[in-house]
Structures are given as C-alpha cells and as structure tokens.
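A structural walkthrough
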Amino acid sequence: MRRLLAILSASIVIGMGLITLFGLLPGSPIAQVTALFIQLVVIVGAVAVVIGVLNLLWVHLRRVLNGDPGWGYSLALFFAALAVIVLVLVERLGLLDGVTGAGVSASGFLFTAVQVSVESALAGLLVFFLVYAAARLMRRRVTWWALLFTVTLLVVLLGWLRIPALGALNDVSEWIRTVWASAGARGLLLGVALGTVTAGVRVLLGQDPSYRE
Amino acid sequence: MDSTVGLLTLLFLVLAFVLLVLNTQFLRVLRQRGVQLALRRIPAYQQVMPPAVGEAVESARPMHVSFGGSGLGAETTVSALAASEVLYHLAERVAVGNEPPIISLSDPTALGLAQGTLRRAYQTRQRLGAYRSSAARWYPPGLAFAAGVGAALAEEDANMSVLVGRLGPELAFIGEAATRYDQVFIAQSDQPEGQAVGWVMSESPLIGEELYAAGAYLSRHPSALQLSQLLATEILRLVVILGIVLAAVLAVASKLGGVLSVTILIGAALAALLAAVLYARSTARGGK
C-alpha cells in the first residue's frame, strides 16, 4: 500500500511539474492550465502564512509552558502577536473609525513606529558586524584569498567616501564594484541556475529518494 | 517569458535531462566494474558536518538547519528541496540522540516540507516517537528572522548551524551569534549578498550550487542519479564557460579582422581546451 501511495504521489508531482513547465513556454496551448496551477499555489501560500503564524505562537507558548530559558521573551511575543491580531480585526470591523483620524490606521502606525524603527536600527548595526567579521577572517586564517578580500574591502570602502585626495583609488573602487563584483555575482548566479536546472530535472524524473520513503 | 529565453530554457532542460539519463547509465556501468567516481573536495560536507553532527549527539546539544527564505511554489522551490535534502541527511544522524534539531525558515510554505523531511528522517531510524513537529519554526522574514534565529541559537546552545537557501546580508547576525557561542557555522545563499557574508563568516562555506550536491556528498550510499546530477552540472558549467569565452573571442575577432583574428581564435581554442583538460584532471583527483 505504501509503495502504491509513493508511486501515486510521484506521478502527481511529475505530471503537475511537466504540465506547469510546458505551460510556461511561449505560445503553449496549456498556458491556462498552468495559470490555474499557479493561482492554486498562491492560495496555498496564503494559507501557509496563517499556519506559519500559528506555528510561531505554538512554539513560543510551549516555551512559556515548559519554563524554557528566555520564556519571558516568548510571553511578550505571544501577547504582542495576539494584541496586533485583535487590533487589525477591530480596525477591519470599523470600530476604530472615530478614534483614529481619517486615513490613519492604528496597525500601520504601530508597524512604522515599532517594526520599521527596530529593523532600521538592526540594519545600521549590520555594517559593524560585517567589518568585524572581515577583521576576524584575517585572524582566523591568513590565506591569499583572505588577504585579497581584506585589501579589496578597504579599497572599496575608502573609494566609497569619494575623498578627492584619494585620487585614483576612487576610480579603482568603482572599477572593482562595476566589473569584478558584478562578474563574480553573475558567475555565482549562473552556477546556482545550473544547479537548480539539474536538481529540478532530477526531481521531475521521479527517482528522488524522498519519493520512495 | 521572452521567446528566445523560453527556447534557451527548454534547450537547457532537454540537455540536462539527456545528460542525467546518459550519465546515470554510464555511472551504473562504472559501478558494476568497481570504478568509483572521485568527488571534488567540499570540506563543509566531508570534513565539517559529519564530526559536528557526532559531537551534537554525544554532547546532547541541538543542531540547527535553516532554509532561509526558500519555499515551495516560487523560484526558490528547488533550493528549498535541496535544503530539505541537507536536513534529511543530518537529521537522520542526530535522530539517534535525544536532542531534536532546530529548523528555522521564513517562508511558511517550507514549514510542511521541513516537518515532513524531519519525520522521514526519524522514521528511517525507527524513532518516530522522538519526532517533534515543533522543531520546525517559522520566523518572519528579513532582519526579524535573523534576530529571532540568533536569539534561539544562543538560548538553546546549538552545536552547529547550517544555513542554506535564500539568505541576504542579515546572515551576519546569525553568523555573529554562532561565532560568539563557539558554534560550527556553515552558510550558503543563492543571493550574492548573502553568499558574500556567508563566505566571510563561515570557516567552511558552501558556495552557490554546492547546495545541490548535498545528496551525493552526505548520503552514505549515493545513488547513480545523485552522482549523475553532479556530473551533469559540471558538463553544463563547461558548456556555459565555453559559450561565454567563444562569444567574447568572436566579438574581439570581428573588430580586429584578418590574420590577427584567426590567430586569436586558434589561441583561444587551444587555451579553452587546455583549461578544460586541467579542470577535468583536478576534478578527477578530488582537488578544488
């Protein structure tokens, strides 16, 4: 029975995959079927967000109930999430229309005041983490590649300042970013694309171990 | 999709399909004759992950695997599947211990995939009773994901962190938390920004397409198809490199014209041939 189910699920996956693939090609006669499948994926994705939020709440509620280290933060998260959900529901029901001004949403204000501010602060910290990581790289392993990386980083950072006294360094920095960094990024993306193609075809062949277990 | 791009995509897919089928048969024949394919050295898979997983089991510390922003139904589908392959092979090894792994993701469509993969790993070890669906956790995307995962790594004293899939520069926060608490940190991303951070912060990073080779490297008995996939990727890579070099040489030659262009063409062809031979030799020897 398990084998039969495995064959059935593999057939459905391969069939749907091939139909979607050929439907995406230009002038395909089955383009509408593919569009329907993609719409189904969007709906499933929306439901998955709800499941994701429930999972988050469940994980943190368990931490509170088990008294795990840092349970206080989990409690704060749990109640904050519930409060925001209730706020959005109340807002959608129009119960806050008289309280907030016209065109002002309480949840929008909360998002800007809390989420955006905190994320901006974290983004500001990111540069320090990265420079510190580069310094640590040299401490951990002094290789030619690490040395090249550090020198390039310094040149690009200094060039970014656009100090006239640095002269040619500004142009070198620009050249590194537009030619070398861009070429490297494209090479990386090409490699990822090739890996995606071969791994995707392997899944479509139905020989993946996950189909058999 | 533009018609030229569509046709090229179809051509590559057909080529990949033909290569996979032919390579699989070729590798089966080699296996029957007792010949083994030498794999290119990837320290993260061969030298870092196996001992770190062993240490996690012995020290009863959890292992952390992250799918990043990879999920099902979008362009990150294959990277989510590849991440699940990494998870399966690592979870199958830690399933003998008492500490379940921590799985983090920011695309909720990957939640079911992660839970299913973890369940399969515990089932393989016949320890389904120890499986906990809450081991897979969704965090909101972006910097909130990094902050949440970084905090979880510190609180739960993870032994190793493997982050693969779609990750941006926020990877730095997680890497910093892992390094501060002396955890093994392995990172990969299909985004150049995330990959750059992963390379700097990880002692043994995975680069780009190396994620898709997980099955062949981490499996105890890799199938002919898994090895065939590696071979097909290498061949396709050579095809792309030769195509780029040829296009560049033709562009230069068309500007110069005459005897000089013929000389450049012959020189480039010889250089490409030499590079291909050297690359094949280094791959066969297992060097990078």
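Within any chain, residue numbers begin from 1 and follow the written order of that chain's sequence. Chain labels run from A onward and ligand labels from 1 onward, assigned in the order the entries are written. With the structure being a predicted model, the display of local features is reserved for residues of pLDDT at least 70 and the display and counting of side-chain atom pairs for 80 or more, all residues being used for whole-chain, interface and lining totals. Side-chain descriptors were evaluated using all non-hydrogen atoms of the structure, hydrogens and water having been removed beforehand.

1. Re the overall build of chain A
Here a helix means four or more residues in a row that DSSP labels H or I, a strand means two or more in a row labelled E, and each is numbered from the N terminus. Broken down by element type, chain A carries seven helices and zero strands. What you see in chain A, going N to C, is helices and strands ordered as α-α-α-α-α-α-α. Counting only C-alpha atoms, chain A reaches 70 × 55 × 45 Å along its principal axes. Under the scheme applied here, a residue whose accessible area is under 20% of the maximum for its type counts as buried, over 50% as exposed, and between as partly exposed, the area being computed with a 1.4 Å probe on protein chains only. Split into buried and exposed, the 213 residues of chain A put 25% on the buried side. Pairs at least 24 apart in sequence give 18% of the contacts found in chain A among residues at least 6 apart. Charged residues are defined narrowly, with Lys and Arg counted positive, Asp and Glu counted negative, and His plus the chain ends left uncounted. Where a charge lies is defined by one atom per residue type: Lys uses NZ, Arg uses CZ, Asp uses CG and Glu uses CD. Averaging the locations of the 14 positively and 8 negatively charged side chains of chain A gives two centres separated by 12 Å. Between two residues, a contact is recorded if the distance between any of their heavy atoms is within 4.5 Å.

2. Points about the interface of chain B and chain A
The figure often quoted for interface size is the accessible area lost as the parts come together. Each partner contributes to the interface: chain B provides 61 residues, whereas chain A provides 60 residues. Accessible area that two parts lose when put together, evaluated with a 1.4 Å probe and summed over both, is termed the buried area. Roughly 5,200 Å² is buried in total at the junction of chain B and chain A, and carbon and sulfur atoms are behind 74% of that figure. Of all residues in chain B, Trp-138, Phe-173 and Val-200 of chain B bury the most surface against chain A, accounting for 12% of the area lost on that side. What counts as a salt bridge is simple: a side-chain nitrogen of Lys or Arg found within 4 Å of a carboxyl oxygen of Asp or Glu. One can count four salt bridges joining chain B with chain A. Pairs of N or O atoms within 3.5 Å make up the polar contacts considered here, provided that, within protein, one atom can donate a hydrogen while the other can accept it, and that residues adjacent in sequence are counted only when both atoms are side-chain atoms. The interface formed by chain B and chain A contains nine residue pairs in polar contact (both at pLDDT 80 or more). At the level of elements, α1 (3–32), α3 (77–94), α4 (109–124), β3 (136–138), α5 (143–155), α6 (171–180), α7 (192–201) and α9 (224–256) of chain B are the ones that each hand at least two residues to the side of chain B that touches chain A. Side-chain classes are defined by residue name, with Ala, Val, Leu, Ile, Met, Phe, Trp, Tyr, Cys and Pro counting as nonpolar, Asp, Glu, Lys and Arg as charged, and the others, Gly among them, as polar. Of the residues contributing to the side of chain B that touches chain A, the split by class is 33 nonpolar, 14 polar and 14 charged.

3. Comments concerning the pattern of salt bridges
Using the criterion set out here, one finds 15 salt bridges over all chains in the structure. The partner of Glu-85 of chain B in a salt bridge is Arg-202 of chain A, and the shortest N-O contact between them spans 3.1 Å. Separated into two different chains, Glu-85 of chain B in helix α3 and Arg-202 of chain A in helix α6 (residues 168–204) make up a pair that spans both. The same class applies to Glu-85 of chain B as to Arg-202 of chain A, namely buried. Note that Arg-40 of chain B is salt-bridged to Glu-234 of chain B, the shortest N-O span being 3.6 Å. Of this pair, Arg-40 of chain B sits in the loop between α1 and α2 (43–58) while Glu-234 of chain B sits in helix α9, and the two are 194 residues apart along the sequence. Pair check on accessibility: Arg-40 of chain B and Glu-234 of chain B agree, each one buried. Each of Arg-40, Glu-209, Glu-210, Glu-234 and Arg-237 of chain B takes part in salt bridges that share partners, so that together they form one network.

4. Let's talk about the domain arrangement of chain A
Residues and elements named next belong to chain A. What marks off one domain from the next here is an automatic or database domain assignment. Domain assignment breaks chain A into domain 1 (1–104) and domain 2 (141–213). Each partner contributes residues to the interface: domain 1 has eight residues there, and domain 2 has six residues. Summing both partners gives a buried area of about 530 Å² for domain 1 against domain 2, and 73% of it is carried by carbon and sulfur. On the domain 1 side of the contact with domain 2, Ala-6, Val-13 and Ile-14 bury the most area, a combined 53% of that side's loss. Our count for the domain 1 to domain 2 interface comes out at zero salt bridges. In this structure, the connection of domain 1 to domain 2 is made through zero residue pairs in polar contact (both at pLDDT 80 or more). Considered class by class, the residues forming the side of domain 1 that touches domain 2 number six nonpolar, one polar and one charged.

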